[in-house]
Amino acid sequence: FERKTYSKEYQKTKEAYQKLNPALRQHTSDELNSKVSTLSPVVRAKLKKNNIAPGEYASFLLSREKIAKVGESPETEEFLKSLKTMEKTLGIEEQTQ
């Protein structure tokens with residue numbers, strides 16, 4: 001059962017991510033690589049266990065940082081909320097603040 005919750009939250013986050021302004025979703029490979037390299041072993045293990053690519057999660061995090069700079073909109077709010085829920089469900093929210 002729990003596993004389904006993860007993938008449901010992950011799907012929601014992915015869908016919300018797709019609705020974001022493309023500017024918020026464009027990250028250089030340098031940005032992505034450096035973000036992935038900051039993920040703790042605990043976070044990596046939890047992502048792996050739930051079949052979430054570290055690179056994809058890193059792009060979620062980078063988008064969250066960009067949103068913080070530009071301010072929120074209904075789309076960004078939806079994305080931020082589902083990302084937070086996904087992190088909570090995965091038990092990684094405290095690792096990424």
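Note that the coordinates shown come from a computational prediction; the quantities given were computed from them, not determined experimentally.

Student: Pulling in residues and values, what's your account of the overall build of the protein?
Tutor: Of the regular secondary structure elements, the protein holds six helices and zero strands. Counted from the first residue to the last, the protein has its helices and strands arranged as α-α-α-α-α-α. The 97 residues of the protein split such that 37% are buried. Look at the contacts in the protein between residues 6 or more apart in sequence, and 71% of them connect residues 24 or more apart.

Student: Mind laying out the environment of Leu-90, listing which residues take part and the relevant values?
Tutor: Tracing the sequence through the fold places Leu-90 in helix H6 (residues 74-90). Exposure remark for Leu-90: the relative accessible area of 5% places this residue in the buried category. Setting aside residues up to four positions removed in sequence, Leu-90 forms contacts with Tyr-6, Lys-46, Leu-47, Asn-50 and Ile-52.

The rules behind these values
- Residues numbered from 1 in each chain as written.
- Predicted model: local features only at pLDDT ≥ 70, side-chain atom pairs only at ≥ 80, totals over all residues.
- Heavy atoms only, no water.
- Helix = DSSP H or I, 4+ residues; strand = E, 2+ residues; numbered from the N terminus.
- Buried < 20%, exposed > 50% of the residue type's maximum accessible area, 1.4 Å probe, protein only.
- Contact = heavy atoms within 4.5 Å.

On their own, these measurements won't tell you what the molecule is for.
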